[in-house]
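A structural walkthrough
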Amino acid sequence: SQWGEENLQALSIQEGEDVTMNCSYKTYTTVVHWYRQDSGRGPALIILIRSNEREKRSGRLRATLDTSSQSSSLSITAAQCEDTAVYFCATTGNTGKLIFGLGTTLQVQP
Amino acid sequence: ETAVFQTPNYHVTQVGNEVSFNCKQTLGHDTMYWYKQDSKKLLKIMFSYNNKQLIVNETVPRRFSPQSSDKAHLNLRIKSVEPEDSAVYLCASSSTGGYYEQYFGPGTRLTVL
């Protein structure tokens, strides 16, 4: 498998809290994608971090990448109810095709 | 704003029937994909097409076949559906030369009775 077991999670937090989702991968990649999928919709890319970047920010989102440990994380600051979604990380592996992790279901309670 | 369109939104059918799903993208991308998403949200790539050529086939059952008329369209046909084919089928597109960022359609939910 491309992924570590810790990638499959369900998280429930209160609005206003910070949350971090982790992702570990087993094969080389040049980039890690993070997608979010809202109920009834397809995944949408929210942040992309390249192998020469350790951190990438976009609004309340922050992605990190540690190529030595082959792990990435996505943090959301001051989560809102509209952040409720399934979050996926994905890597390109050795073949260039995108391989998705198992996803983290995030529920933000009001 | 939706730029990858899929029809139908959902489809219910009986075991053994044939179904066909349509996908169109208006992004000018040259590669399109079909993914299967199961009830646990696991996403598995099934096919990808680049300039009408099949470049990835993830050993899906032979009853599945992609069909493309041009680089903006990639349909999925399933001959003789099985219960395990019940899933959401997602179409996506990307352009070459980047980091394979993919743009997804809303999906087609297939239920096989």
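In what follows, the structure referred to is the one given above.
So, here is what we can say about the structure in this document. What you see is a predicted model; the values in this text were computed from it and never measured. (Residues numbered from 1 in each chain as written. Chains lettered and ligands numbered in written order. Predicted model: local features only at pLDDT ≥ 70, side-chain atom pairs only at ≥ 80, totals over all residues. Heavy atoms only, no water.)

Residues and elements named next belong to chain A. Going through the model one piece at a time under the given rule, you end up with two disulfides over all chains. Between the sulfur of Cys23 and that of Cys89 lies a disulfide, 2.0 Å long from S to S. Given an S-S torsion of about 85°, the disulfide between Cys23 and Cys89 has right-handed geometry. Of this pair, Cys23 sits in strand β2 (residues 19–24) while Cys89 sits in strand β8 (residues 85–91); the two residues are 66 residues apart in sequence, bridging distant segments of the chain. Of the two residues examined, Cys23 and Cys89, each falls in the buried class. (Disulfide = S-S within 2.5 Å. Helix = DSSP H or I, 4+ residues; strand = E, 2+ residues; numbered from the N terminus. Buried < 20%, exposed > 50% of the residue type's maximum accessible area, 1.4 Å probe, protein only.)

Let's shift gears to the environment of Ser68 of chain A. Residue and element names in this part refer to chain A. With respect to the element layout, Ser68 can be found in the loop between β6 (61–66) and β7 (71–76). Judged by relative accessible area, Ser68 falls into the exposed class, the value being 70%. Through-space distance from the C-alpha of Ser68 to that of Arg57 is 21 Å; in sequence the pair is eleven residues apart. Among the polar contacts listed, one links the side chain of Ser68 to the side chain of Asp66, at a separation of 2.4 Å. (Polar contact = N/O pair within 3.5 Å; in protein donor to acceptor, adjacent residues only side chain to side chain.)

How two aromatic rings sit relative to each other is given by the distance of their centres and the angle of their planes. Per the stated rule, a full pass over the model turns up nine aromatic pairs over all chains. Ring centres 5.8 Å apart and planes at 45° place the aromatic pair Phe21 of chain B and Tyr89 of chain B in the tilted group. Here Phe21 of chain B is found in strand β3 (residues 19–25), whereas its partner Tyr89 of chain B is found in strand β9 (residues 87–94), with 68 residues between them in sequence. Classification of Tyr89 of chain B by relative accessible area gives buried; the value is 0%. Within the aromatic cluster, the residues linked to one another by ring pairs are Tyr35, Phe88 and Phe100 of chain A together with Tyr33, Tyr35 and Phe104 of chain B. (Phe/Tyr/Trp six-rings, centres within 6.5 Å; stacked < 30°, edge-to-face > 60°.)

The step from Thr7 of chain B to Pro8 of chain B runs through a cis peptide bond, and the omega angle for that step is -5°. The residue Pro8 of chain B is located in the loop between β1 (4–7) and β2 (10–13) in this model. The phi dihedral of Gln70 of chain A falls on the positive side, at around 50°, and the residue is not glycine. You can see Gln70 of chain A is positioned in the loop between β6 and β7. Located in the positive-phi region is Ala78 of chain A, a residue other than glycine, with phi close to 50°. Inspection of the secondary structure assignment puts Ala78 of chain A in the loop between β7 and β8.

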